[in-house]
Every structure is written in C-alpha cells, then in structure tokens.
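# Coordinates in review
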Amino acid sequence: MKFGVIIFPGSNCDHDAYYAVEAVLRQPATFLWHESHDLENCDVIIVPGGFAYGDYLRTGAIAKFSPVMESVARFAAGGGLVLGICNGFQILCEAGLLPGVLMRNVGLKYISKPVQVRVETTDTPFTNACQKGEALTIPIGHMEGNYFCDEPTLAELRREERIVFRYVENPNGSLDDIAGICSPGRNVLGLMPHPERASEALLGSSDGFKVFQSLVGAAVAR
C-alpha cells in the first residue's frame, strides 16, 4: 500500500509523518504538494500537523482551498482513507470533511506535552489494532485544539459512535473531552494528538504506531 503526505507552505510535521510511514511502518510513502490535484494513486492520505499558510487568519481557513484538498474530498467521498493530524484535523473541519471547529485552547496558551487518550471505538480503519477503552500515550502540540460543535452534531457523534478518541484528562477544554472524530463513513479521521511522534519507543512511546498499524490492516482487508 502507498501513503501520501501533503505538504502545505509552512507545514513542519510532514517529514515526521513520512518518517513514521517509511522508516517505522515500512510502507511506501510520497509527498504531495498542495498545488497539485494528483494523489499519485495513494491508498491513504495524511494531512499532517504543523502550521499551514493562512493560519494567521484562522487555522486551516486558507489551506482548505488548496487544489489538493479538492482531490482529497473526492478521494474521501469514494471511501478513501484520510488521516488529519493536529493542523490536519483543523483543515479537514474547515474543508467540511469533518463537522465542528477547533478553537483556541482554554487558557489561551500553546500546549506541548504527552497526554493519554482513550480509544472509544475499534470499529474504524484507524483503531482496529487497539482495544476499546485502551489508553494511549501520545504527544500534543497545539494552540487551537479545543474542539467544539453544536448539540445536534454532538448527539449525532455520540449516537453513531464517531468519537474515536477522548482525552483521559482534558488539556485544552475540548467539548466532551474529544481528541479525535471520524466521518459518517468512518474512513476520515481527525486526531489532535500526534501519533507520528509516538511511533517508536525511542520517542518515549510507541502507542501512536497502533494508528498506522491499523491503517495497514484496513487497507489490506480492502
């Protein structure tokens, strides 16, 4: 299988995601420039963390207009697997691939530290290698990680079990302790913590590797 990692101007976690796939997961990966419509026949698309151009207006507000995101939207609509990490989660929300918004953290401070997130469902291509209720230690690094949506949307997320990860101890004020959600088709995931930064023991935790491991299992099953 082949992973595509999108590069936006100013992004800084694209190489981390690429390394996690190529060196740790040992799967082929390629970089996808934001101005290209070509997804290069990738099986999984990663919208990585780190800053993207236009974040000074609102995180992801400009990145969502990049040509590559038009292709990502079509890819996702056809059932393609898409993982948005941190800033990537924000971009997916701005682009309408996921509901809700990511706001400034409570306390208005940038937070960078390992946190624990609880796996709420294993019925996704991103968590099938996990155990329900399992707590994973994965780092966060964000200023706008405070997830919010209206009550009907939250009720829908709960009813359809689309809240995939919750914080064990909420670091940013996120509604219902939400750390990650998936699309109705369960093929698009937005995750605020950085699994690529916890992909091998050398980094202090290898818990994030389970997200990538799950993707391989899901893609092979397809």
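One can find the structure itself at the top, above this paragraph.
In this report, the structure presented in the accompanying data block is examined. (Residues numbered from 1 in each chain as written. Predicted model: local features only at pLDDT ≥ 70, side-chain atom pairs only at ≥ 80, totals over all residues. Heavy atoms only, no water.)

### Observations concerning the pattern of salt bridges
Just so we agree on the cut-off: The working definition used for a salt bridge is a side-chain nitrogen of Lys or Arg within 4 Å of a carboxyl oxygen of Asp or Glu. Helix and strand definitions follow DSSP, with helices as H or I runs of at least four residues and strands as E runs of at least two, each counted in order from the N terminus. Partly exposed residues are those whose accessible area sits between 20% and 50% of the maximum for their type, while under 20% is buried and over 50% is exposed, using a 1.4 Å probe and protein chains only.
In total, this model carries 10 salt bridges according to the counting rule given. The partner of Glu144 in a salt bridge is Arg104, with the nearest N and O atoms 2.8 Å apart. Within this pair, whereas Glu144 is found in the loop between strand E7 (135-142) and strand E8 (146-148), its partner Arg104 is found in the loop between strand E5 (101-103) and strand E6 (111-119), the two being separated by 40 residues in sequence. Across the pair Arg166 and Glu120 runs a salt bridge whose closest N-O atoms are separated by 3.4 Å. In this pair, Arg166 sits in strand E9 (residues 163-167) while Glu120 sits in the loop between E6 and E7, placing the two residues 46 residues apart along the sequence. Residue Arg166 is classed as buried on the basis of its relative accessible area, which comes to 15%. According to the relative accessible area criterion, Glu120 is buried, its value standing at 16%.

### Digging into the sheet that holds strand E2 (residues 29-33)
Here is the rule we go by: Note on pairing: DSSP must find at least two bridges between two strands before they are called paired. Only the stretch in contact is used when fitting a helix axis, every axis being a line fitted to C-alpha atoms; angles between N-to-C directions are given from 0 to 180 degrees. Only heavy atoms matter for contacts: two residues are in contact if any of them lie within 4.5 Å across the pair.
As summarised here, the arrangement of the 9 strands in space is E2-E1-E3-E4-E11-E10-E9-E6-E7, forming an open sheet in which the pairing is mixed. Each edge of the open sheet is held by one strand with a lone partner, namely E2 and E7. Put simply, the sheet's adjacent strands are angled 25° from each other on average, direction ignored. Where E6 meets E9, 3 bridges bridge the pair, whose relative direction is antiparallel. For Val117, the partnering residue across the bridge sits in E9 and is Tyr167. Strands in contact with helix H2 (residues 67-77) are strand E1 (3-7), E2, strand E3 (44-47), strand E4 (81-85) and strand E11 (188-191); relative to E4, the strand with the most contacts, it is inclined by about 130°.

### Some words on the layout of surface pockets
The gaps left among the atoms become clear once a water-sized probe is rolled over them. The condition is simple: Grid points spaced at 1 Å and placed over the protein atoms alone form the basis of the search, with a cavity being a set where a 1.4 Å probe fits but cannot get out and a pocket an open set showing protein on both sides within 12 Å along at least five of seven lines. Lining residues have an atom within 4 Å of a point. Grid points are joined across faces, edges and corners, and a volume is the space filled by probe spheres set on the points. For this classification, the nonpolar set comprises Ala, Val, Leu, Ile, Met, Phe, Trp, Tyr, Cys and Pro, the charged set comprises Asp, Glu, Lys and Arg, and every other residue, Gly included, is treated as polar.
Considering only enclosed or pocket space, the largest pocket measures out at about 200 Å³ in volume. Lining the largest pocket are 17 residues, with Gly50, Phe51, Cys86, Gly141 and His142 positioned closest to its centre. When contributions to the lining of the largest pocket are tallied by element, the ones reaching two or more residues are helix H3 (87-94) and E7. For the lining of the largest pocket, the per-class residue count stands at 5 nonpolar, 9 polar and 3 charged.

### Quick notes on the nonpolar core
The line we're drawing: In these notes, a set of buried Ala, Val, Leu, Ile, Met, Phe, Trp, Tyr and Cys residues joined through side-chain atoms within 4.5 Å is what counts as a nonpolar core.
If you look at the biggest cluster of nonpolar residues, it comprises 65 residues, and the most contacted ones within it are Phe3, Ile6, Ile45, Val72, Val82 and Phe165. For this core, the leading source of residues is H2, giving 5 residues. Residue contacts for Val72: discarding those within four places in its chain leaves Ile6, Leu39, Ile45, Val82 and Leu97.

### Description of the packing of helix H1 (residues 14-25) against helix H5 (residues 209-221)
Inclusion rule: Throughout this description, any angle smaller than 35 degrees is read as roughly parallel, any larger than 145 degrees as roughly antiparallel, any in the 65 to 115 degree range as roughly perpendicular, and the remainder as oblique.
Close contact between H1 and H5 brings their axes to 11 Å; oriented N to C, the two are set at 75°. With respect to H5, the element H1 is oriented roughly perpendicular. Here Ala20, Val21, Val24 and Leu25 of H1 come into contact with H5, specifically with Phe209, Phe212, Gln213 and Val216. Grouping the amino acids of the contact of H1 with H5 by side-chain chemistry returns 7 nonpolar, 1 polar and no charged.

### Describing H1
Stated formally: A helix is expected to span 1.5 Å for every residue after the first. The arc in question is traced by the directions running from the helix axis to the C-beta atoms.
Compared with an ideal rise of 1.5 Å per residue, which puts 12 residues at 16 Å, H1 spans 15 Å between its outermost C-alpha atoms and is within 8% of the ideal. Among all positions of H1, only Asp14, Ala17, Ala20, Val21, Val24 and Leu25 are buried. Seen from one end, H1 has its buried residues packed into an arc of 165°, which puts them on one side. Summarising the contacts, the buried residues of H1 are in contact with E1, E2, E3 and H5.

### A short note on the pairing of E9
When you tally the buried positions in E9, you get 5 out of 5 residues, the bulk of the element. Examined bridge by bridge, E9 and strand E10 (residues 178-182) share 3 bridges and lie antiparallel to one another. Along E10, the bridge assignment pairs Phe165 with Gly180.

### Some thoughts on unusual backbone geometry
Phi at Asp176 is positive, roughly 55°, even though this residue is not glycine. For Asp176, a relative accessible area of 23% gives the class partly exposed. For Arg186, which is not a glycine, the phi torsion comes out positive at approximately 65°. Its place among the elements puts Arg186 in the loop between E10 and E11. For Arg186, a relative accessible area of 14% puts it in the buried group.

The quantities given are spatial measurements derived from coordinates; they are silent on function.
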